[in-house]
Amino acid sequence: MSGNAMCNQASDGVSRRRFIAGTSSLLGGAILAGRASAVYAAPARTAPIADAARVPALVIGTGYGGSVAALRLAEAGVDVHMVEMGMAWDTPGPDGKIFANTTKPDQRSYWLRTRTKQPLSNFLGFPIDKDVPRYTGILDAEEMGGIIVYQGRGVGGGSLVNGGMAVTPRRENFGAVLPSVNADEMYGVYYPRANSGLGVATVDPAWFDSVDCYQYARVGRKHAQRSGFPFVFVPDVYDWDYMEKEAAGTVPKSALDGEILYGNNYGKKSLQKTYLAQARATGRVTISPLHKVTSVSPAPGGGYTVVMDELNTGGDTTATKSVTADKVFFAAGSVGTSKLLTKLKATGALPGLNGEIGKGWGDNGNVMCGRANHLWDPTGKVQSSIPCGGIDNWATGGAFAEVAPLPTGIETYASFYLSITKTPHRAEFSWNAGAGRVDLNWQTAWKQTSIDAAKTIFDKINAKEGTIYRTDLFGTYKIWGDHLTYHPLGGAVLNKATDNYGRLHGHSGLYVIDGALIPGNTSVNPFVTITALAERNIEKIIATDL
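Now for a quick tour of the structure. Quick caveat, the model's predicted, so the values are computed rather than measured.

Quick notes on the rules
Going along each chain's sequence as written, the residues are numbered from 1 onward. Per-residue local features are limited, in this predicted model, to residues with pLDDT of at least 70; the limit for side-chain atom pairs, both in listing and counting, is 80 or more; totals at the level of whole chains, interfaces and linings are taken over all residues. In computing side-chain values, all of the structure's heavy atoms are included and hydrogens and water are not. Secondary structure elements follow DSSP: runs of H or I of four or more residues count as helices, runs of E of two or more count as strands, with numbering from the N terminus. Within these notes, the globule rule equals 2.2 Å times the number of residues to the 0.38 power, and the radius of gyration is based on C-alpha atoms. Contacts are assigned to residue pairs with any non-hydrogen atoms lying within 4.5 Å of each other. Residue-level accessible areas treat just the shown protein chains as cover; the underlying method is Shrake-Rupley with a 1.4 Å probe. Under the counting rule used here, the positive set is Lys and Arg, the negative set is Asp and Glu, and His together with the chain ends is not counted. Where a charge lies is defined by one atom per residue type: Lys uses NZ, Arg uses CZ, Asp uses CG and Glu uses CD. A helix is expected to reach a length of 1.5 Å times the quantity of its residues less one. Each residue is placed in one exposure class: buried if its accessible area under a 1.4 Å probe, protein chains only, is under 20% of its type's maximum, exposed if it is over 50%, and partly exposed if it falls in between. Only the six-membered ring of Trp is used, alongside the rings of Phe and Tyr, when aromatic pairs are assigned; centres must lie within 6.5 Å, and planes under 30 degrees apart are stacked while those over 60 apart are edge-to-face, with the rest tilted. Distance thresholds for patches are 9 Å for like charges and 5 Å for nonpolar side chains (Val, Leu, Ile, Met, Phe, Trp, Tyr), applied to residues having over 30% relative accessible area and no salt bridge. Just to be clear on terms, a salt bridge is a Lys or Arg side-chain nitrogen sitting within 4 Å of an Asp or Glu carboxyl oxygen. Two strands are said to pair when DSSP picks up at least two bridges between them. Whenever two N or O atoms come within 3.5 Å, that pair is a polar contact, provided that in protein one can donate a hydrogen and the other can accept it, and provided that, for residues adjacent in sequence, both atoms are side-chain atoms.

1. Points about the overall build of the protein chain
(1) Moving on: Counting its regular elements, the protein chain contains 12 helices and 20 strands.
(2) Moving on: On C-alpha atoms alone, the protein chain measures out to a radius of gyration of 22 Å, which is about the 24 Å that the 2.2 N^0.38 rule sets for 546 residues.
(3) Moving on: Counted over contacts in the protein chain with a minimum sequence separation of 6, partners at least 24 positions apart contribute 74%.
(4) Moving on: For the protein chain, the accessible area works out to roughly 18,300 Å², and carbon and sulfur atoms hold 52% of it.
(5) Moving on: Within the protein chain, the 48 negative side-chain charges are centred at a point lying 1 Å from the centre of the 52 positive side-chain charges.

Following this line, the structure appears as structure tokens:
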């Protein structure tokens, strides 16, 4: 949902219209032009896969890694079928919009819950969660092992529900993120390709300084700088031209209507509008929404038998299908991929998987907090839901803090932050045979490391400003949002559970190509790294395995 601004692309006056290092993308210029008319292409075509079908390549999931794999395979002449547990999100609801507003969650907002599970559970001392109809909504608040893992459900995966903060890690930190990967190749080829393909750009600093909707971020900048912390502009995949028109009142509002957690109707360049739109244009990619894979096992005649349930919008299974795929790409997200592989290994469906399956999972050090400002530091009634700046104390204190929005529609005098922190803690998935499910051995106490790192920033700011922490956002008299992560990573770690390009050990033709490959912490918002790593891996796989 947010990220670490380790590379400040705007501090030297880089325009929001300049895409970051966009020279090596294979994507068409129309998608990346930054104009609403060009960016908002139709979503990838959807068609349910037939029982007993045979496909050359099956991609499980439609998030960042899966979308990269599908596009590049299709460009190489391979027919691809993608299966997605969530909905297509291409049909407006009764209000004429596809996605629900953040301040008014409804059945579209949550994945198979009957009550919302908002990251901020309280506001002004009152609980804010409410009952909603059970539905295959867009945000999954999955509770496991003492942590809530927020995940996108739908065609486009996490790109539907995050804040779009698109950050490339500082190069000096990369060795700790993916030690087996050549940094020269990543920074010379694959990060530029990913940034271009995603349509990454940075806010215009002059506009940022002049517009009401970023008053909250300017207050955050002032407080950071007064305490000696660098404030950095953060790249994003929002269409900044569109946001300027929102502020001018000439287009329907999206970021300026608080849309973020439950989808963004207009301005954000989700995967539906970038990689998946390009995949659709090849004519070789088909997507089956509302299909959940339950088993993958070697097929008698070669390839793999993949069993999946077709779901209705109540989450009920309406059909079970068995298809055969020559190659299978696991791209169901860190949790989805790890849980599925853990089950398949333990139950004997894929007995050749090695002992690293399920290990190395982390929360990217996510922790949240709020500060109560003085009356002379109002943060604004109208706040853009798209964060564009942060406070960098990574090198000294092990924390970067996004200056986050609190788009309530009223003046709160509150500064709100999502921190990414260095954390050594890694959890493991395991098969619970008695319950028939996969468990995670996360420990809530592990979040103390992240709290301590975040405090290196906010204790100092509070002391300087004479302010205090808010205690009304995460419960009663609770300062830290230490119960959640937006950035699940790991569980099928590169060069451990797989080889150095995502090929699973023990079963030829099976690949992991999503955030499960990254061991728990990226130092930044992870989706650019997931995308760049997928670009690297699929290029190698196409060259050598097809």
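2. So, helix 11 (residues 448-465)
(1) Moving on: Taking 1.5 Å per residue as the helical rise, helix 11 with its 18 residues ought to reach 26 Å, and the 24 Å between its terminal C-alpha atoms agrees with that figure.
(2) Moving on: The complete set of buried residues in helix 11 reads S450, I451, A453, A454, I457, F458, I461, N462 and E465.
(3) Moving on: One or two residues past the end of helix 11 sits G466, with phi positive at roughly 70°.

3. Focus on the packing of aromatic side chains
(1) Moving on: Under the defined criterion, the tally for this structure stands at 23 aromatic pairs.
(2) Moving on: Ring geometry for W207 and Y214: centres 6.2 Å apart, planes at 80°, overall edge-to-face.
(3) Moving on: Each member of the aromatic cluster is reached from another via a ring pair, and the members are W207, F208, Y214, Y216, F231, F233, Y238 and W240.

4. Quick look at a nonpolar patch on the surface
(1) Moving on: Residues L124, F126 and I410 make up a contiguous nonpolar surface patch of about 320 Å² in total accessible area.
(2) Moving on: Within the fold, F126 resides in strand 4 (residues 126-127).

5. Brief notes about the sheet that holds strand 5 (residues 139-144)
(1) Moving on: A sheet is described by the order of its strands in space; here 3 strands give the open sequence 5-6-19, paired in mixed fashion. Of all the strands in the sheet, the pair left with one neighbour each is strand 5 and strand 19 (484-485).
(2) Moving on: Bridge count for strand 5 against strand 6 (residues 147-152) is 6 bridges, and the pairing is antiparallel. Each residue of the ladder has a partner; that of M144, found in strand 6, is I147.

6. A closer look at helix 9 (residues 333-346)
Every α-helical turn comprises 3.6 residues, leaving residues that sit three or four positions apart pointing alike.
(1) Moving on: Given a rise of 1.5 Å per residue, 14 residues ought to cover 20 Å, and the 20 Å separating the end C-alpha atoms of helix 9 matches this to within 8%.
(2) Moving on: Looking one or two residues beyond helix 9, the residue adopting positive phi is G348, at roughly 85°.

7. A closer look at the side chain of H223
(1) Moving on: In this structure, H223 sits in helix 6 (residues 215-226).
(2) Moving on: Here the side chain of H223 touches R371 through a polar contact of 3.3 Å, side chain to side chain.
(3) Moving on: Every residue in contact with H223, bar those within four places of it in the chain, is listed here: R371, N373, D377, I461 and E465.

8. Points about unusual backbone geometry
(1) Moving on: One non-glycine residue, L290, lies in the positive phi region at around 55°.
(2) Moving on: Within the secondary structure layout, L290 lies in the loop between strand 8 (285-288) and strand 9 (291-298).
(3) Moving on: Although it is not a glycine, Y477 adopts a positive phi angle of roughly 55°.

9. Here's the deal with the pattern of salt bridges
(1) Moving on: The full count for this structure, using the stated rule, is 26 salt bridges.
(2) Moving on: The salt bridge partner of K117 is E143, with a shortest N-O separation of 3.7 Å. In this pair, K117 is assigned in the loop between strand 2 (80-83) and strand 3 (122-123) and E143 in strand 5, connecting sequence segments 26 residues apart.
(3) Moving on: One continuous salt-bridge network, built from bridges that share partners, spans R72, E75 and E535.

10. Section: the environment of P252
(1) Moving on: The residue P252 is located in the loop between helix 7 (240-248) and helix 8 (275-281) in this model.
(2) Moving on: A sequence separation of 13 residues divides P252 from N265, and the C-alpha atoms of the two residues are 9.1 Å apart.
(3) Moving on: The contact partners of P252, leaving out residues within four places of it in the chain, are Y242, E246 and Y266.

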